[in-house]
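# Topology and contacts: notes
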Amino acid sequence: MKFRRWFLAGLAGLFAAGAFAQSDWPARPITLVVPFAAGGPTDVVARTLGASMTKSLGQTVVVENKLGAGGTIAAGYVARATPDGYTFFIHHNGMATSTALYRKLSYNALADFEYVSQAVEVPMTLLARKDFPASNLSELVAYVKANQAKINLANAGLGAVSQLCGLLLERELGVKLTAVPFQGTAPAMNALLAGQVDVLCDQTTQTIPQIKAGNVKFYGVTTKNRIKALPDAPTLDEQGLKGFELVVWHGIYAPKGTPKPVLDKMNQAVRAALKDPAVIQRMADLGAEIVPDSKLTPESLQVWLKSEIDKWGPIIKSTGTFAD
Ligand code: MLT
């Protein structure tokens with residue numbers, strides 16, 4: 001009897017502590033894990049949102065870059081993190097494509113996470129080093145077909161959108177280039193600017209300043225329609241690569257088991273950040289679109305991720321690209 005009373009009192013105490021912890025959340029800084037290098041496209045989105053969320057949450061959102069294996073090291077790290085409301089994860093299409101690219105992953109993309117929200121969508125741009133011998137897309141296509149493996153195609157590893165874009169390009173042109181992986185497109189861009197690699201397909205969140213400064217050769221955008229941030233830039237589709245379309249979408253996740261009240265508050269903080277004029281301006285300058293309200297629910301992110309796994313899985317498998 002004594003034990004039962006003691007056990008029930010202990011249980012009530014635990015619940016009270018949990019409830020208090022959740023109503024008090026966040027009581028300390030929150031970590032937002034970015035799966036690629038600092039200064040790159042995902043990092044820019046994370047830090048822009050993080051700075052705004054810091055204001056609305058009253059606690060610092062600390063961006064932590066966990067690099068390696070095209071974002072899968074970070075995903076595994078977050079999947080195993082304590083679900084206490086202090087670790088979150090921002091990732092893009094790679095959350096879906098990695099499930100087809102890797103024979104073994106240390107996590108299950110659909111089962112091991114809680115969903116917070118989508119955030120922004122980002123176009124990609126096809127670039128080459130400034131002195132690359134192709135001045136427009138048709139010259140690039142001809143050069144690539146003639147030189148194939150001699151051409152170094154930079155990417156951020158299997159699971160990166162730069163890798164997916166390269167894969168789609170190779171598939172479309174029926175060529176195989178030499179992939180040069182980096183731990184993010186920030187170092188890949190540095191290599192392109194230094195003339196150490198030839199071609200890079202990368203997000204406008206990083207490439208617009210380099211395009212505007214004329215530091216790279218620029219062949220077009222990967223969206224279906226032209227984009228506001230680069231209105232004169234043609235799409236790859238309109239230049240003959242019919243149906244070539246790739247838009248980068250970002251989702252925010254937490255380890256499975258993160259308390260629902262915390263997820264709800266984090267969702268509110270993401271929504272507030274996406275309405276912050278400073279965020280809206282920065283994203284617009286970098287070509288990123290804030291997603292409509294219908295994409296700001298945990299449920300819509302879950303449904304979207306599943307649809308992206310179903311979409312890219314067969315395409316990636318048809319290319320025979322995978323890592324053990
Ligand atoms: C990055 O932040 O470095 C990129 O999102 C990598 C990529 O997916 O290409």
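Computed from a predicted structure; not experimentally measured.

The rules we used
Residues numbered from 1 in each chain as written. Predicted model: local features only at pLDDT ≥ 70, side-chain atom pairs only at ≥ 80, totals over all residues. Heavy atoms only, no water. Salt bridge = Lys/Arg side-chain N within 4 Å of Asp/Glu carboxyl O. Helix = DSSP H or I, 4+ residues; strand = E, 2+ residues; numbered from the N terminus. Phe/Tyr/Trp six-rings, centres within 6.5 Å; stacked < 30°, edge-to-face > 60°. Buried < 20%, exposed > 50% of the residue type's maximum accessible area, 1.4 Å probe, protein only. Lys NZ or Arg CZ within 6 Å of the ring centre and 35° of its normal. Axes fitted to C-alpha atoms, helices over the stretch in contact; angles between N-to-C directions. Parallel < 35°, antiparallel > 145°, perpendicular 65-115°, else oblique. Left-handed = near helix turned anticlockwise from the far one by under 90°. Contact = heavy atoms within 4.5 Å. Nonpolar A, V, L, I, M, F, W, Y, C, P; charged D, E, K, R; others polar.

Taken as a whole, this structure holds 13 salt bridges when the rule is applied. The salt bridge partner of Arg 28 is Asp 84, with a shortest N-O separation of 3.2 Å. One end of the pair, Arg 28, is in the loop between helix H1 (2–23) and strand S1 (30–34); the other, Asp 84, is in the loop between helix H3 (72–80) and strand S3 (87–91), with 56 residues separating them in the sequence. Among the ionic pairs, Glu 170 bridges to Lys 176, the shortest N-O distance being 3.4 Å. Residues participating in the shared-partner salt-bridge network are Arg 129, Asp 131 and Asp 198.

Take the packing of aromatic side chains next. Applying the stated criterion across every chain, the model contains eight aromatic pairs. With 6.3 Å between their ring centres and 45° between their planes, Phe 89 and Tyr 253 make a pair best called tilted. Of the two residues, Phe 89 is situated in strand S3 and Tyr 253 in strand S9 (residues 247–255); the sequence distance between them amounts to 164 residues. Across this residue pair, the class does not change: Phe 89 and Tyr 253 are buried. A network of ring pairs unites the aromatic residues Phe 89, Tyr 107, Phe 113, Tyr 115 and Tyr 253 as a single cluster. One Lys or Arg, Arg 28, reaches over the ring of Tyr 86 and ends 3.9 Å from the middle of that ring. Above the ring of Trp 304, the side-chain terminus of Lys 295 is found at 4.6 Å from the ring centroid.

The next thing to look at is unusual backbone geometry. Going from Trp 25 to Pro 26, the amide bond is cis rather than trans, its omega being -5°. For Pro 26, the position within the fold is in the loop between H1 and S1. With a phi angle near 50°, Ala 69 is a residue other than glycine that sits in the positive phi range. Relative to the elements of secondary structure, Ala 69 occurs in the loop between strand S2 (61–65) and H3.

Right, let's talk about the packing of helix H6 (residues 161–173) against helix H11 (residues 298–319) for a bit. Between H6 and H11, whose axes approach to 11 Å, the crossing angle comes to 60°. By the angle between their directions, the pair H6 and H11 is classed as oblique. In the packing of H6 onto H11, the handedness of the crossing is left-handed. Contacts between H6 and H11 involve Leu 164, Leu 167, Leu 168 and Arg 171 from the former and Trp 312, Ile 315, Ile 316, Ser 318 and Thr 319 from the latter. The residue makeup of the contact of H6 with H11, split by class, is six nonpolar, two polar and one charged.

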